[in-house]
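Report on the structure
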Amino acid sequence: MADIKNVKTSDAELKDRLVAINRVTKVTKGGRTFSFSAIVVVGNENGLVGWGLGKANEVTTAIAKGVEAAKKNLIKVPVYKGTIPHEQLSRYGGAQVFIKPASHGTGVKAGGAMRSVLESVGVTDVLAKSKGSSNPHNLVKATFNALAELRDAHAIAEQRGVSLDKVFNG
């Protein structure tokens with residue numbers, strides 16, 4: 001499993017993408033009170049990505065809070081020639097995601113919330129399918145679980161204590 005670390009990075013590198021905004025209504029004695037929750041994904045499009053949830057009474061404030069939260073939980077994802085190293089299946093709650101490497105020129109074949117996460121990572125060619133729930137919160141978390149479990153050949157060789165040739169031929 002990929003190490004989830006506090007990765008130091010400059011704010012200028014990270015690009016934020018808004019995945020979903022949810023308007024929440026609270027009915028009180030004085031009437032209806034609206035607040036907003038925004039789920040945001042930030043990434044440098046070079047293997048570094050994070051997600052955050054911001055809640056506030058205004059949309060812009062909620063997005064800003066989401067971006068700040070996303071910068072606090074960044075993960076490093078192995079990207080190999082614009083795609084991922086291997087297939088991965090993951091789930092979170094009712095959402096299940098399947099991501100699969102694709103050849104050059106395929107593009108990002110993914111829907112909605114998954115597309116935002118995969119583009120923020122910097123993956124240019126990938127096939128992805130979401131099964132089960134289409135709730136954007138759970139889809140983002142399931143996609144992050146899948147990306148965090150990805151390992152490249154160097155990581156496997158290091159973990160097993162063998163050479164790269166042994167990983168492929170062993």
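To be clear, the structure that these remarks concern was listed above.
In this report, the structure presented in the accompanying data block is examined.

What about the sheet that holds strand E7 (residues 108–109)?
- On the basis of which strands lie adjacent, the open sheet formed by four strands has the order E5-E6-E8-E7 and mixed pairing. Here the strands that pair on one side only, and so sit at the sheet edges, are strand E5 (88–92) and E7.
- Across seven bridges, the pairing between strand E6 (residues 95–101) and strand E8 (residues 126–132) is antiparallel. Its bridge partner lying in E8, Gln-96 is registered against Lys-131.
- Seen against the sheet, helix H2 (residues 112–121) touches E6, E7 and E8 and runs at an angle of roughly 145° to E8.
- Contacting E5, E6 and E8, helix H3 (residues 136–148) runs over the sheet at an angle of about 140° to E5.

Description of the environment of Gly-54
- Checked against the element boundaries, Gly-54 lands in strand E3 (residues 48–56).
- The exposure class of Gly-54 is buried, given its relative accessible area of 0%.
- In this structure, the C-alpha to C-alpha distance between Gly-54 and Phe-36, residues 18 residues apart in sequence, is 8.2 Å.
- With sequence-adjacent residues up to four places away left out, Gly-54 is seen in contact with Phe-36, Ser-37, Ala-38, Ala-62, Lys-65 and Gly-66.

Details of unusual backbone geometry
- Phi at Glu-45 takes a positive value of approximately 60°, unusual for a residue other than glycine.
- Along the polypeptide, Glu-45 turns up in the loop between strand E2 (31–43) and E3.
- One non-glycine residue, Lys-81, lies in positive phi territory at about 55°.
- With respect to the helices, strands and loops of the structure, Lys-81 is situated in the loop between strand E4 (74–76) and E5.
- A residue is classified by how much of its surface remains accessible, and Lys-81, at 67% relative accessible area, is exposed.

Section: the nonpolar core
- The biggest cluster of nonpolar side chains holds 30 residues, and the ones touching the most others in it are Ile-99, Leu-118, Val-140 and Leu-147.
- If you tally residues by element for this core, the top one is H3, at seven residues.
- If you look at the next biggest cluster of nonpolar residues, it comprises eleven residues, including Leu-14, Ala-38, Val-42 and Ala-62.

Thoughts on the sheet that holds E2
- Pairing in this open sheet of four strands is antiparallel, and the strands run E1-E2-E3-E4 from one edge to the other. Only two strands of the sheet have a single neighbouring strand rather than two, namely strand E1 (15–28) and E4. Across the sheet, the mean angle from the axis of one strand to that of its neighbour is 15°, orientation sign disregarded.
- Lying over the sheet, H3 contacts E1, E2, E3 and E4, oriented at roughly 155° with respect to E3.

As for the pairing of E1
- Relative to E2, E1 runs antiparallel, the two being bridged by 13 bridges. Residue pairing for E2: Ala-20 is matched across the bridge by Ile-39.
- Hairpin connection between E1 and E2: a loop of two residues separates the two successive antiparallel strands.

Calculation notes
Residues numbered from 1 in each chain as written. Predicted model: local features only at pLDDT ≥ 70, side-chain atom pairs only at ≥ 80, totals over all residues. Heavy atoms only, no water. Pairing = 2+ DSSP bridges. Helix = DSSP H or I, 4+ residues; strand = E, 2+ residues; numbered from the N terminus. Contact = heavy atoms within 4.5 Å. Axes fitted to C-alpha atoms, helices over the stretch in contact; angles between N-to-C directions. Buried < 20%, exposed > 50% of the residue type's maximum accessible area, 1.4 Å probe, protein only. Core = buried A, V, L, I, M, F, W, Y, C linked by side-chain atoms within 4.5 Å.

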